[in-house]
Amino acid sequence: MSLTNATPEAAAREAKSASFALASLPDSARNDALQSIHDALAAAKDTILAANARDLELARKAAADGSLSEALVSRLDLGKKGKWEDMLKGILDVRSLEDPVGKIQMRTKLDDNLIMERVSCPIGVLLIIFEARPEVIANIASLAIKSGNAAILKGGKESTESFVAISSVISAALQNTQVPNGAIQLVTTRDAIASLLAQDRYIDLVIPRGSNELVRYIKESTKIPVLGHADGICSIYLTASADTEKAVGLVVDSKTSYPAACNSAETLLVQEAALQTVFPAVAAGLSAKGVALRCDAATKAALASLNLPNITDAVPEDYDTEHLSLTMSVKAVPNVDAAVAHINTHGSHHTDCILTSDKDEAERFMNQVDTAGAYWNASTRLADGMRYGFGTEVGISTNKIHSRGPVGLEGLTIYKYKIRGDYQPTAQYGSGEGQKPWKHEPMGI
């Protein structure tokens, strides 16, 4: 890794060149590099957390005067809720995963001595633009190296001290490995984002990590494909057949375990038949954790006798809002079809859940909801690369491309077709006189 003040074009060009060398390294060399990164970061913990503390001090002042959101401050804190430990564990988890490069996905005999294979390969050069989230540097560097991709990282000013400290450690760690120095770069030039987004000749994929404003700006400002999501408006549909005690625990977990996360539940849809049964206990559980509920008329009426604090009338905009705080929008719906229609209209295609004991209803919901993660009786907070067993993730994709949901190693590879032949001219194949038919015989992989 190098901290570079080079022009965006020069950085992208160097990364492209390095990507070819990195893609050809054996898995053992890439794993050695990950071990070196892990060990170096572990040894530098105090220095990095001190740098992060300086960022946090400035960020909290910015939040106090309204120039930075509390959600970004929460995401910036590297010492919070085991983030540091999770970051280091993620590196080793990625190291232990199977090599995603060079896997044969399909093999076909076109003819004798004419064999076609589809083989996984790296995408090439990734551009990661992120706000806060200093752990992204280690996450992306690990996934990029393991998958054979070069990566260019550009962080926001609110995390400058943290990402310079982390990047310096990673850069030093990679000096004694086979990974090319230009394969992982942190761009420190100010106001470089627009120029980086113009490097479609060298950069193959952009991955934004930050606010919906950042993601929308990036999607509107580049010809390079963008992997990511602008919003995390995750919904839970609570039915009358849900187990009341378990539903309370699950909804509370989905909303309160980390409210600033993109996989935190933002909307609770309540089946009308559940308004007087399961719902009051769920609402009381949320209220006990300090969650403010913005309710429609039906759900508010169902809670009137409980005298819960922080119950207010919802406005239409609430159901299109990613609160990223202890606030939840609540609405009554008659059935699963209405729940699906609401989610497909107002959701962000991130992660959505149904709580029910009816298997057919659950399968119908999961099949019809337009989302990257469709869950049955499972917390929305499960939408995470580490929890999926991916080691870590580069982000969560709501795009309808080759990769959706938490994107790990597999999402950072594509494929190429390799054909090995014996000088056969294509003109000899066909259905005409004197021509040979194609064999097109599937072969084992």
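As shown above, the structure is provided for reference.
Residues numbered from 1 in each chain as written. Predicted model: local features only at pLDDT ≥ 70, side-chain atom pairs only at ≥ 80, totals over all residues. Heavy atoms only, no water.

Novice: Describe helix H10 (residues 244–256), and please don't skip the residues or the numbers.
Specialist: Here H10 contains 13 residues, and its C-alpha end-to-end distance of 18 Å stays within 8% of the 18 Å for a straight helix at 1.5 Å per residue. Listing the buried residues of H10 in full gives Ala 247, Val 248, Leu 250, Val 251, Val 252, Ser 254, Lys 255 and Thr 256. Lining the buried residues of H10 we find strand E8 (234–238), strand E9 (265–271), helix H11 (278–288), strand E12 (327–333) and strand E13 (351–355). Measuring from the side-chain oxygen of the N-cap residue of H10 to the backbone nitrogen of Glu 245 gives 3.2 Å; that N-cap residue is Asp 243. (Helix = DSSP H or I, 4+ residues; strand = E, 2+ residues; numbered from the N terminus. Expected span 1.5 Å × (residues − 1). Buried < 20%, exposed > 50% of the residue type's maximum accessible area, 1.4 Å probe, protein only. Contact = heavy atoms within 4.5 Å. Polar contact = N/O pair within 3.5 Å; in protein donor to acceptor, adjacent residues only side chain to side chain.)

Novice: How would you summarise the sheet that holds strand E3 (residues 114–122) if you had to cite specific residues and measurements?
Specialist: Strand pairing within a sheet occurs via backbone hydrogen bonds; the two strands may be parallel or antiparallel. Pairing within the open sheet is antiparallel, and its four strands lie in the order E17-E3-E2-E18. Two strands bound the open sheet, and with one partner strand each, they are strand E17 (413–420) and strand E18 (441–443). Averaged over all neighbouring strand pairs, the angle between strand axes comes to 25 degrees, with direction disregarded. As paired strands, E3 and E17 are joined by eight bridges and run antiparallel to one another. Residue Arg 118 lies in a different strand from E17, and its bridge partner there is Tyr 417. (Pairing = 2+ DSSP bridges. Axes fitted to C-alpha atoms, helices over the stretch in contact; angles between N-to-C directions.)

Novice: Explain the nonpolar core to me, and be specific about the residues and the numbers.
Specialist: Nonpolar side chains in soluble globular proteins tend to be buried together. Among the nonpolar cores identified, the biggest contains 48 residues, and Leu 41, Ile 48, Ile 128 and Leu 153 are the most heavily contacted of them. Among the elements that make up this core, the one with the highest residue count is helix H6 (residues 135–147) (eight residues). Setting aside anything within four residues of it in sequence, one finds Leu 41 in contact with Ile 48, Trp 84, Met 87, Leu 88, Ile 91, Ala 138, Ile 166, Val 169 and Ile 170. (Core = buried A, V, L, I, M, F, W, Y, C linked by side-chain atoms within 4.5 Å.)

Novice: Can you explain unusual backbone geometry? Please cite residues and give values.
Specialist: The backbone of Tyr 423 sits at a positive phi, close to 65 degrees, despite the residue not being glycine. With respect to the secondary-structure elements, Tyr 423 resides in the loop between E17 and E18. Judged by its relative accessible area of 80%, Tyr 423 falls in the exposed class. The phi dihedral of His 440 is positive, around 45 degrees, even though this residue is not glycine. Among the structural elements, His 440 can be located in the loop between E17 and E18. Of the residues examined, His 440 reaches a relative accessible area of 48% and is grouped as partly exposed.

Novice: Which residues make up the state of the cysteines, and what are the values?
Specialist: Inspection of every chain in the model, using the stated rule, returns zero disulfides. Free cysteine: Cys 353, not disulfide-bonded; nearest cysteine sulfur from Cys 234 at 10 Å. (Disulfide = S-S within 2.5 Å.)

Novice: Describe the layout of surface pockets, with residues and values.
Specialist: Approximately 940 Å³ is the volume attributed to the largest pocket. Along the walls of the largest pocket sit 45 residues, with Arg 133, Glu 135, Arg 209, Tyr 258 and Ala 261 positioned nearest its centre. Of all elements in the fold, only helix H4 (70–76), helix H5 (83–96), H6, strand E7 (205–209), helix H9 (212–220) and strand E15 (395–397) reach the threshold of two or more residues within the lining of the largest pocket. With four residues, H5 is the largest single contributor of residues to the lining of the largest pocket. For the lining of the largest pocket, the per-class residue count stands at 17 nonpolar, 14 polar and 14 charged. There is about 610 Å³ of room inside the second largest pocket. Taken together, 23 residues make up the lining of the second largest pocket; nearest its centre are Gly 155, Gly 156, Lys 157, Glu 158 and Thr 160. If you list the elements that add at least two residues to the lining of the second largest pocket, you get helix H3 (45–64), strand E5 (150–155) and helix H7 (160–174). If you tally residues by element for the lining of the second largest pocket, the top one is H3, at four residues. (1 Å grid on protein atoms, 1.4 Å probe; cavity = no way out; pocket = protein on both sides within 12 Å on 5 of 7 lines; lining within 4 Å. Points joined across faces, edges and corners; volume = space filled by probe spheres on them. Nonpolar A, V, L, I, M, F, W, Y, C, P; charged D, E, K, R; others polar.)

Novice: Describe the environment of Asn 176, listing the residues and the values that go with them.
Specialist: Turning to its location among the elements, Asn 176 is positioned in the loop between H7 and strand E6 (184–187). On the basis of relative accessible area, Asn 176 is assigned to the exposed category, the value being 76%.

Novice: Just give me the short version of the side chain of Ser 379, but keep the residues and values in it.
Specialist: Note that Ser 379 resides in the loop between strand E14 (373–376) and E15. You can call Ser 379 buried: its relative accessible area is 10%. Looking at Ser 379, its side chain comes within polar contact range of the side chain of Ser 254, at 3.1 Å. Apart from the residues lying within four places of it in its own chain, the contact partners of Ser 379 are Leu 250, Asp 253 and Ser 254.

Novice: Go over the pairing of E14 with me, naming the residues and quoting the values.
Specialist: Only one face of E14 is buried: it carries Gly 373 and Tyr 375, and the other face, with Ala 374 and Trp 376, is open. Note: E13 against E14, four bridges, orientation parallel. The residue of E14 that forms the bridge with Thr 351 is Gly 373.

Novice: Residues and numbers for the environment of Gly 395, please.
Specialist: One can find Gly 395 in strand E15. Residue classification places Gly 395 among the buried positions, given a relative accessible area of 3%. Along the sequence, Gly 395 and Gly 228 sit 167 residues apart, while their C-alpha atoms lie 6.3 Å from each other. Non-local contacts of Gly 395, meaning those with residues more than four positions away in its chain, are made with Arg 209, Gly 405, Pro 406 and Val 407.

Novice: Describe the packing of H5 against H6, naming the residues involved and giving the relevant values.
Specialist: The contact between H5 and H6 brings their axes to 9 Å, and the two run at 0 degrees. Classified by the angle between their axes, H5 and H6 sit roughly parallel to one another. Note on element contacts: H6 touches H5 through Glu 135, Ala 138, Asn 139, Ser 142, Leu 143 and Lys 146, opposite Lys 83, Met 87, Ile 91, Val 94 and Arg 95. In terms of residue class, the contact of H5 with H6 is made up of five nonpolar, two polar and four charged. (Parallel < 35°, antiparallel > 145°, perpendicular 65-115°, else oblique.)

Novice: Can you break down the pattern of salt bridges residue by residue, with the values?
Specialist: Under the definition given, this model contains 20 salt bridges. Across the pair Lys 16 and Asp 204 runs a salt bridge whose closest N-O atoms are separated by 2.9 Å. Of the two residues, Lys 16 is situated in helix H1 (residues 8–23) and Asp 204 in the loop between helix H8 (193–197) and E7; the sequence distance between them amounts to 188 residues. Of the residues examined, Lys 16 reaches a relative accessible area of 16% and is grouped as buried. With a relative accessible area of 26%, Asp 204 lands in the partly exposed category. Between Glu 85 and Lys 45 there is a salt bridge, with its nearest N and O atoms 3.9 Å apart. Of this pair, Glu 85 sits in helix H5 while Lys 45 sits in helix H3; the two residues are 40 residues apart in sequence, bridging distant segments of the chain. Each of Asp 27, Arg 30, Asp 99 and Lys 146 takes part in a single network of salt bridges with overlapping partners. (Salt bridge = Lys/Arg side-chain N within 4 Å of Asp/Glu carboxyl O.)

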